[in-house]
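Coordinates in review
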Amino acid sequence: MSPNQFSDHEKIELEHQAAKLFMRWYEHDTGRKIRHIWHNQPSKPDVSCKLEGERLDLEIAHLYGTEQEAMRILGRNLSSETRGELRRLERESDPHQRLLKALNRILNNKATKRYKTRRVWLVIRNAHPAWTAREIETLQHRIDVPGNHVFEQIWIVGDFAGKSGIVQLYP
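Conventions we followed
Sequence order sets the numbering: in each chain, residues are counted from 1 along the sequence as written. Whole-chain, interface and lining totals are the exception, using all residues; otherwise, since this is a predicted model, local features are given only for residues with pLDDT of at least 70 and side-chain atom pairs are given and counted only at 80 or more. By convention in this description, side-chain values take in all heavy atoms of the structure and omit both hydrogens and water. A run of DSSP states H or I qualifies as a helix once it reaches four residues; a run of E qualifies as a strand once it reaches two. Both are numbered from the N-terminal end. Exposure categories follow from relative accessible area, calculated using a 1.4 Å probe and restricted to protein chains: below 20% of the type maximum is buried, above 50% is exposed, and the middle band is partly exposed. When checking whether two residues touch, look at their non-hydrogen atoms; a contact exists if any pair is within 4.5 Å. Nonpolar cores were defined as sets of buried Ala, Val, Leu, Ile, Met, Phe, Trp, Tyr and Cys residues, with membership established by side-chain atoms within 4.5 Å. When DSSP locates at least two bridges between a pair of strands, those strands are taken to pair. For this analysis, a ring pair means two rings from Phe, Tyr or Trp (six-membered ring only for Trp) whose centres lie within 6.5 Å, classed as stacked if their planes differ by under 30 degrees, edge-to-face if by over 60, and tilted for the remaining angles. In this scheme, the term charge over a ring applies when either NZ of a lysine or CZ of an arginine sits within 6 Å of the ring centre and within 35 degrees of the ring normal. A fitted line through C-alpha atoms represents every axis, and for helices the fit uses only the stretch in contact; the resulting angles, taken between N-to-C directions, go from 0 to 180 degrees.

1. Quick look at the environment of Ala61
- By the element assignment, Ala61 lies in strand β3 (residues 54-63).
- Residue Ala61 is classed as buried on the basis of its relative accessible area, which comes to 7%.
- Residues Ala61 and Lys110 lie 49 residues apart in sequence; the distance between their C-alpha atoms is 8.8 Å.
- Beyond its immediate sequence surroundings of up to four residues, Ala61 is in contact with Ile106, Lys110, Leu122, Val123, Ile124 and Arg125.

Encoded structure:
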């Protein structure tokens, strides 16, 4: 498998894991049946499922904090420069501010996207180990959801393993 094929395969696997975690919590919290995921082509959101028998598309994003943190979380080999950047970041910045900045960056980027679908929700999976659904809820009043997005709903899976639950960010 070429490096690009491995990267694409890993991305799809991460998206499916995020969708499954979200769907499990959504069904648990709402009692509404959400089932069956399949992957889509790039002009559509990442995965699709059935919500009470009707098609629902999910655009998946992962929240890491910074590119350097993403590399560490995903188990990449880190250069000495990247390790140094991580140490500086951890010393110099408030974790809550990093959470808000990273989450608002994702929301702003996704707000510019358009998809060939009738219904789409954005699901963000928090991959940063310092943040949980509880922290996200406490900062929710400071999260900036742009008004010009196409998402019917926006949710965040509170942690990488999906143990802390989900938080609805919009509406």
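2. Topic: the nonpolar core
- Residues Leu63, Leu103, Ile124, Ile156 and Leu169 are the most contacted members of the largest nonpolar core, which totals 22 residues.
- Listed by contribution, the elements that provide at least two residues to this core are β3, α4 (95-111), β4 (120-126), α5 (133-138), β5 (153-157) and β6 (166-170).
- Ranked by the residues each element gives to this core, the list is headed by α4, at 6 residues.
- Sequence-distant contacts of Ile156, defined by excluding residues within four places in its chain, comprise Leu63, Leu103, Ile124, Asn126, Ile136, Gly165, Ile166, Val167 and Leu169.
- Counting 18 residues, the second largest nonpolar core, distinct from the first, contains Ala18, Tyr26, Ile34 and Ile166.

3. Some points on the pairing of β3
- Where burial is concerned, most of β3 is hidden: 8 out of the 10 residues are buried.
- Note: strand β2 (residues 47-51) against β3, 5 bridges, orientation antiparallel. Looking across to β3, one finds that Lys50 is bridged to Arg55.
- Two strands pair when backbone bridges link them, and β3 and β4 are joined in this way by 7 bridges, in the parallel orientation. Following the sheet pairing, Leu63 is matched in β4 by Asn126.

4. What about the packing of aromatic side chains?
- If you walk through the whole model with that rule in mind, you get 6 aromatic pairs.
- With a centroid separation of 5.3 Å and 65° between ring planes, the pair formed by Tyr26 and Trp121 is classed as edge-to-face. In this pair, Tyr26 is assigned in helix α1 (residues 3-30) and Trp121 in strand β4, connecting sequence segments 95 residues apart.
- By relative accessible area, which is 3% here, Tyr26 ends up buried.
- Grouped by ring-pair contacts, the aromatic residues Phe22, Tyr26, Trp121 and Trp155 constitute a single cluster.
- For the cation-ring pair, Arg125 lies above Phe160, with the distance from its terminal atom to the ring centre recorded as 3.7 Å.

5. Looking at the sheet that holds β6
- Taking strand neighbours across the sheet as the criterion, the 6 strands line up as β1-β2-β3-β4-β5-β6 in an open arrangement whose pairing is mixed. A strand with exactly one partner marks an edge of an open sheet, and here the two such strands are β1 (34-39) and β6. If you compare each strand with its neighbour and ignore which way they point, the axes differ by 30° on average.
- Against the sheet, α4 engages β3, β4, β5 and β6, with an angle of about 135° to β3.

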